[in-house]
Amino acid sequence: MHVVLIGPPGFGKGTQARHFAERLGIPSISSGDLFRAHFRDGTLLGRQAKKYMDSGALVPDHITMAMVKARIAAEDAAAGFLLDGFPRNVHQAVLLDGMLAVQGRRLDHVLALKVSTTEVERRLAGRRACQSCNLVVNVNFAPPRVSGACDTCGGRLIRREGDRERIIRRRLAACTERTAPLLVRYAALGILANVDAVGPVEDVRARILAAVPALAGAGA
Ligand code: AMP
């Protein structure tokens, strides 16, 4: 199954992505995580992407496409994937469709997680990542047991460079502006499902399943 998850950062999108990918036995592929991995590994692609990421801008499409293309060509994605954070604009969506069509594949479902702008800003401001294990938490909604420390490994919780508030507003505006035409496109293709993303992880998960029962996988 080929699924795309669209939505603003900071609303448990990654958590939902990993959950449903696991249920479906397909990889969850986050373009943001791929960029960060490239940067950590010191690849040219990672270094090229870094300056855009730090300023909250989108990485140019030719860099992004090259990276995603390589990832979805991997063996573990042969039966499908769940894309998180990609495509971010219509150009990327068109290129993705073309890439899949060549292989006789196509997207089955696009899930759009919806939240109000005020709510997004409130949540993003509380977002922290563990410096050691990369776990992302929200100190406003689920404060760690020890302030500033990761509940899982005890590592230091930090604000990622890309998450500063000035950047957050820019990311949000860019996200809304760029994803609107994307949603129009997928709605026209009849594969879009909108889900309210505000609320506990389990509630959002249940709404997702109600909207797209096929995401329950074989175990349902
Ligand atoms: P994320 O972790 O999804 O918030 O992504 C972090 C950053 O990576 C974004 O702010 C962009 O700079 C870059 N990025 C991730 N996905 C894409 C994409 N599909 N197209 C362009 N840039 C992206």
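As a reminder, the structure under discussion sits directly above these lines.
How each quantity is defined
Residues numbered from 1 in each chain as written. Predicted model: local features only at pLDDT ≥ 70, side-chain atom pairs only at ≥ 80, totals over all residues. Heavy atoms only, no water. Near = heavy atom within 4 Å. Polar contact = N/O pair within 3.5 Å; in protein donor to acceptor, adjacent residues only side chain to side chain. Helix = DSSP H or I, 4+ residues; strand = E, 2+ residues; numbered from the N terminus. Nonpolar A, V, L, I, M, F, W, Y, C, P; charged D, E, K, R; others polar. Pairing = 2+ DSSP bridges. Axes fitted to C-alpha atoms, helices over the stretch in contact; angles between N-to-C directions. Contact = heavy atoms within 4.5 Å. 1 Å grid on protein atoms, 1.4 Å probe; cavity = no way out; pocket = protein on both sides within 12 Å on 5 of 7 lines; lining within 4 Å. Points joined across faces, edges and corners; volume = space filled by probe spheres on them. Buried < 20%, exposed > 50% of the residue type's maximum accessible area, 1.4 Å probe, protein only. Arc of directions from axis to C-beta.

Undergrad: An account of the site of the ligand is needed here, citing residue identities and associated values.
TA: Lining the immediate surroundings of the ligand are 14 residues, of which Ser31, Arg36, Ala57, Gln92 and Arg171 lie closest. Here a nitrogen atom of the ligand sits 2.7 Å away from a polar atom, N or O, in the side chain of Ser31. Contact distances for the ligand include 2.9 Å between an oxygen atom and a side-chain N or O atom of Arg36. Considering each element in turn, the shell around the ligand owes the most residues, four residues, to helix 2 (residues 31-40). By residue class, the composition of the shell around the ligand is six nonpolar, five polar and three charged.

Undergrad: Describe the sheet that holds strand 4 (residues 109-114), listing the residues and the values that go with them.
TA: Each strand in a sheet pairs with its neighbour through backbone hydrogen bonds, running either in the same direction (parallel) or in the opposite one (antiparallel). In spatial order, the strands read 2-3-1-4-8; together these five strands make up an open sheet with parallel pairing. With partners counted over all chains shown, the strands left at the sheet margins are strand 2 (28-30) and strand 8 (192-196), one partner each. Sheet twist, expressed as the mean angle between neighbouring strand axes with direction ignored, is 20 degrees. The sheet strands contacting helix 2 are strand 2 and strand 3 (81-84), and the helix crosses strand 2 at an angle near 65 degrees.

Undergrad: An account of the layout of surface pockets is requested, with residue identities and associated values reported.
TA: Taken as a whole, the second largest pocket holds about 250 Å³ of empty space. If you trace the second largest pocket, you find 16 residues lining it, with Pro8, Lys114, Val115, Thr176 and Thr179 closest to the centre. In terms of residues, the lining of the second largest pocket owes the most to one element, helix 7 (residues 165-188), which gives six residues. For the lining of the second largest pocket, the per-class residue count stands at 10 nonpolar, five polar and one charged.

Undergrad: Talk me through the pairing of strand 4; I want residue IDs and the actual numbers.
TA: Here four bridges tie strand 1 (residues 2-6) to strand 4, and the two strands are oriented parallel to one another. Each bridged residue has a counterpart across the sheet, and for Val3 the counterpart in strand 4 is His109. Relative to strand 8, strand 4 is paired through five bridges, and the arrangement is parallel. When the sheet's bridge partners are listed, Leu111 is paired in strand 8 with Ala193.

Undergrad: Before we move on, could you go through helix 3 (residues 44-55) and cite the residues and values that matter?
TA: Along helix 3, the residues that are buried comprise Leu45, Gly46 and Ala49. Down the axis, helix 3 shows its buried residues gathered within 80 degrees of arc, on one side only. In helix 3, the exposed residues that point more than 90 degrees away from the buried face are Leu44 and Lys51. The inward-facing, buried residues of helix 3 contact helix 2 and helix 4 (61-72). Where helix 3 terminates, the next one or two residues include Gly56, which has phi positive at roughly 85 degrees.

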